[in-house]
Amino acid sequence: VPRVRKSLMDHERIASYAFAFDIDGVILRGPDIIPEARLALRMLNGHNKYNIRVPYIFITNGGGRSEKARCKDLSQKLGITVTEDQVIQGHTPMKDLVNVYTNVLVVGGVGDTCRKVAQGYGFKNVYIPLDIMKWKPSVTPYYTLSEEEKAVCVDADFSRISIDAILVFADSRNWAADQQIILELLLSKNGVMGTVSETAEEGPGLYFAHSDFVWATDYGLSRYGMGALQVSIAALYQEHTGKELQVTRFGKPQRGTFRFAEKVLSNWRRETLTEHVEQLNLEDEPVESVASETESEEDDDASNSQPLEKDTKLTLELPPASTVYFVGDTPESDIRFANSHDSSWYSILVKTGVYQGKTAPKYTPKKICEDVLDAVKFAIEREH
Ligand code: G3P
Ligand code: MG
């Protein structure tokens, strides 16, 4: 038995299947960790009776901070290392709009955090509603900016700036003010404040990071989310113009987010396998068994072997995950997402968030589990 093969038997192996987790209502409730999540992820990191390591990523509709900050928080709460390559937030795929729009209004989140996130993505001129409120306080007659809010504003003359797109990144902290400003811009001439279009069709494009109507927090009942704000703005727009609001949606269950997620998962699986191969110190060893063993752990037949190049990072070609277990708490976004785009995704609905198990879910999952630990145990057993 070559040393490589022995190493693979001695060490944990890498599964051909993978996991993707929703965060709110599965891993967290508000700021608090759902205790079962810690053990669930420990199991995927190799602490299971099959001694197998299972790659996983997180796909949340949440956001409002950088992917880096989100990972730091998750890592602390879970007691493991979560890297930026493993996390997709609702607004992450909006990076693709960087070269499309010059002046953007980013809505939602605390203070100017979302401005910084958008700048981090590479957007050039990023404004937030607070900037507009500072420019002309009469835009929002019943709201006075605090000193703290004024401190994060940029000074700009919005009668001379054409906002090209409105990007709702995170939940609005001030629905009244944000709606007033979003509606004014939608009805404006080319996104210039203080102007009114005759057709109501000259305003900027409107983008939402997700459309969750409700979401699970540490309060007993679900709270209205970004999707509810969208419903509200659409109703106001319709009342005002008689027309239907045009919105571009990101997040789950949108197909664009699914494609983005598949790319992220595939990269992460490659990364996990490469790291594993490197740990096995293969430099001087034959590596022909590794590829086949990672695809099929039971397969001992050397005739299936594919020789790997020495620089595994560049050459490792992985087939798609055999099954992707997606664990979520919201039927309308999570289960619909996992059921809609690829039959190799296996939807699991847990009862720790929006869905509480009292009625039949609107979108039917392949499996319902109590919590994320239950879901991980079920999937591992199903695979072995
Ligand atoms: O605002 C966040 C919320 O709507 C959902 O987050 O992790 O359940 O997709 P998540
Ligand atoms: Mg959720």
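For the structure, see preceding data.
So, how was this worked out
- Residues numbered from 1 in each chain as written.
- Chains lettered and ligands numbered in written order.
- Predicted model: local features only at pLDDT ≥ 70, side-chain atom pairs only at ≥ 80, totals over all residues.
- Heavy atoms only, no water.
- Buried < 20%, exposed > 50% of the residue type's maximum accessible area, 1.4 Å probe, protein only.
- Helix = DSSP H or I, 4+ residues; strand = E, 2+ residues; numbered from the N terminus.
- Pairing = 2+ DSSP bridges.
- Right-handed = clockwise from strand over helix to strand, strands pointing away.
- Arc of directions from axis to C-beta.
- Contact = heavy atoms within 4.5 Å.
- Axes fitted to C-alpha atoms, helices over the stretch in contact; angles between N-to-C directions.
- Donors = N, O, S within 2.8 Å, 3.2 Å for Na, K, Ca; no water.
- Near = heavy atom within 4 Å.
- Polar contact = N/O pair within 3.5 Å; in protein donor to acceptor, adjacent residues only side chain to side chain.
- Areas by Shrake-Rupley, 256 points an atom, 1.4 Å probe, with all protein chains shown as cover.
- 1 Å grid on protein atoms, 1.4 Å probe; cavity = no way out; pocket = protein on both sides within 12 Å on 5 of 7 lines; lining within 4 Å.
- Sits in = over half its atoms within 2 Å of the grid points.
- Nonpolar A, V, L, I, M, F, W, Y, C, P; charged D, E, K, R; others polar.
- Domains from an automatic or database assignment.
- Phe/Tyr/Trp six-rings, centres within 6.5 Å; stacked < 30°, edge-to-face > 60°.
- Core = buried A, V, L, I, M, F, W, Y, C linked by side-chain atoms within 4.5 Å.
- Patch = residues over 30% accessible without salt bridge, like charges linked within 9 Å, V, L, I, M, F, W, Y side chains within 5 Å.
- Salt bridge = Lys/Arg side-chain N within 4 Å of Asp/Glu carboxyl O.

S.K.: Quick question: what am I supposed to make of the pairing of strand β15 (residues 324-328) here?
M.R.: Moving residue by residue along a regular strand, the side chains alternate between the two faces of the sheet. Judged by how many residues are buried, β15 sits mostly within the fold: five of five residues are covered. Residues V324, F326 and G328 line one face of β15 and the alternating positions Y325 and V327 line the opposite face, and both faces are buried. One ladder, built from four bridges, connects strand β2 (residues 18-21) with β15; its direction is parallel. Considered in β15, the bridge of F21 is made with V327. With five bridges joining them, β15 and strand β16 (residues 345-350) adopt parallel strand pairing. When the bridges of β16 are listed, V327 appears paired with I348. You can see the chain leave β15, run along helix α12 (residues 331-340) and come back into β16, and the turn it takes is right-handed.

S.K.: Even after reading the chapter, I still don't get helix α2 (residues 36-44), so can you show me in this structure?
M.R.: Residues of α2 that are buried: A37, A40, L41, M43 and L44. Buried residues along α2 cover an arc of 150 degrees about the axis, so they all sit on one side. On its buried face, α2 is in contact with β2, β5 (52-53), β6 (56-59), α3 (67-78) and α13 (372-383). Of the residues flanking the end of α2, it is G46, one or two places downstream, whose phi is positive at about 115 degrees.

S.K.: Would you mind going over the sheet that holds β2 with me for this structure?
M.R.: Backbone-to-backbone hydrogen bonds join strands into a sheet, with any given pair of strands oriented parallel or antiparallel. Strand order in the open sheet formed by six strands is β7-β6-β2-β15-β16-β17, with parallel pairing between adjacent strands. At either end of the open sheet lies a strand with only one pairing partner, and these are β7 (87-88) and β17 (367-369). As paired elements, β16 and β17 share three bridges and run parallel to each other. If you follow V350 over to β17, its bridge partner there is C369. Against the sheet, helix α9 (residues 255-279) makes contact with β2, β6, β7, β15 and β16, and its axis sits at roughly 155 degrees relative to β6, the strand it touches most.

S.K.: Is there a simple way to think about unusual backbone geometry in this case?
M.R.: Excluding glycine, residues mostly have negative phi values, and the peptide bonds linking residues are mostly trans. Along the chain, K252 connects to P253 via a cis peptide bond; the corresponding omega equals 5 degrees. Locating P253 in the fold gives a position in the loop between β14 (248-249) and α9. Here the phi dihedral of N51 falls at roughly 55 degrees; this positive angle occurs in a residue that is not glycine.

S.K.: Would you take a moment to explain the coordination of the magnesium ion (ligand 2) for this structure?
M.R.: The reference angle at a metal is 109.5 degrees if four donors form a tetrahedron and 90 or 180 degrees if six donors form an octahedron. Protein coordination at the magnesium ion (ligand 2): the donors are D22 (OD), D24 (O) and D329 (OD), at 2.0 to 2.1 Å from the metal. Taken in sequence order, the residues that donate to the magnesium ion (ligand 2) follow the motif D-x1-D-x304-D. Pair noted here: D22 is in the loop between β2 and β3 (28-29) and D329 is in the loop between β15 and α12, with a separation of 307 residues, a long-range link. No difference in accessibility class separates D22 from D329, as the two residues are buried.

S.K.: What am I meant to see in the site of ligand 1 here?
M.R.: Taken together, D22, I23, D24, T60, N61, G62, D171, H210, D212, W215, K252 and D329 are the residues near ligand 1. One of the side-chain nitrogen or oxygen atoms of D171 is found 3.3 Å away from an oxygen atom of ligand 1. Contacts to ligand 1 include K252, whose side-chain N or O atom sits 2.9 Å from an oxygen atom. Its free accessible area being 310 Å², ligand 1 has 96% of it covered by the protein chains. Judged by its atoms lying within 2 Å of the grid points, ligand 1 is housed in the largest pocket. The class makeup of the residues in the shell around ligand 1 is two nonpolar, four polar and six charged. Two domains each donate at least three residues to the shell around ligand 1, and these are domain 1 (3-89 + 254-383) and domain 2 (92-249).

S.K.: What is the right way to read the packing of aromatic side chains from this model?
M.R.: Each pair of aromatic rings is reported with the distance of its centres and the angle of its planes. Throughout the structure, instances matching the rule amount to 19 aromatic pairs. Measuring from ring centre to ring centre gives 5.5 Å for F19 and F21, while their planes differ by 10 degrees; the resulting arrangement is stacked. Assigned by exposure class, F19 and F21 land together as buried. Measuring from ring centre to ring centre gives 6.0 Å for Y121 and F169, while their planes differ by 40 degrees; the resulting arrangement is tilted.

S.K.: Would you mind showing me how to read the sheet that holds strand β9 (residues 125-127) here?
M.R.: Here we have five strands laid out as an open sheet, ordered β9-β8-β10-β11-β14, and parallel in their pairing. Edge positions in the open sheet fall to β9 and β14, since each of these has one partner strand only. For strand β8 (residues 103-107) and β9, the ladder comprises three bridges, and the chain directions are parallel. Its bridge partner being in β9, V104 is matched across the sheet by V126. The strands touched by helix α8 (residues 226-241) within the sheet are β10 (165-168), β11 (205-208) and β14, with β11 carrying the most contacts at an inclination of about 150 degrees.

S.K.: Please clarify how the nonpolar core should be interpreted in this entry.
M.R.: Most often, soluble globular proteins keep nonpolar side chains buried together rather than apart. Within the largest apolar cluster, 52 residues are counted, with the highest numbers of intra-cluster contacts made by L105, F123, L167, F169 and L206. Among the secondary structure elements, those contributing two or more residues to this core are β8, α4 (113-121), β9, α5 (129-135), β10, α7 (175-186), β11 and α8. A total of six residues in this core trace back to one element, the largest contributor, which is α7. Setting aside chain neighbours within four positions, we find F123 in contact with M94, L97, V98, Y101, V104, A118 and L167.

S.K.: I'm lost on a nonpolar patch on the surface in this one. Help?
M.R.: Side chains of W175, F213, Y224 and V231 sit close together on the surface and give an oily, nonpolar patch of about 430 Å² of accessible area. Position of F213 relative to the elements: it lies in the loop between β11 and β12 (214-215). On the accessibility criterion, F213 (43% relative accessible area) is partly exposed.

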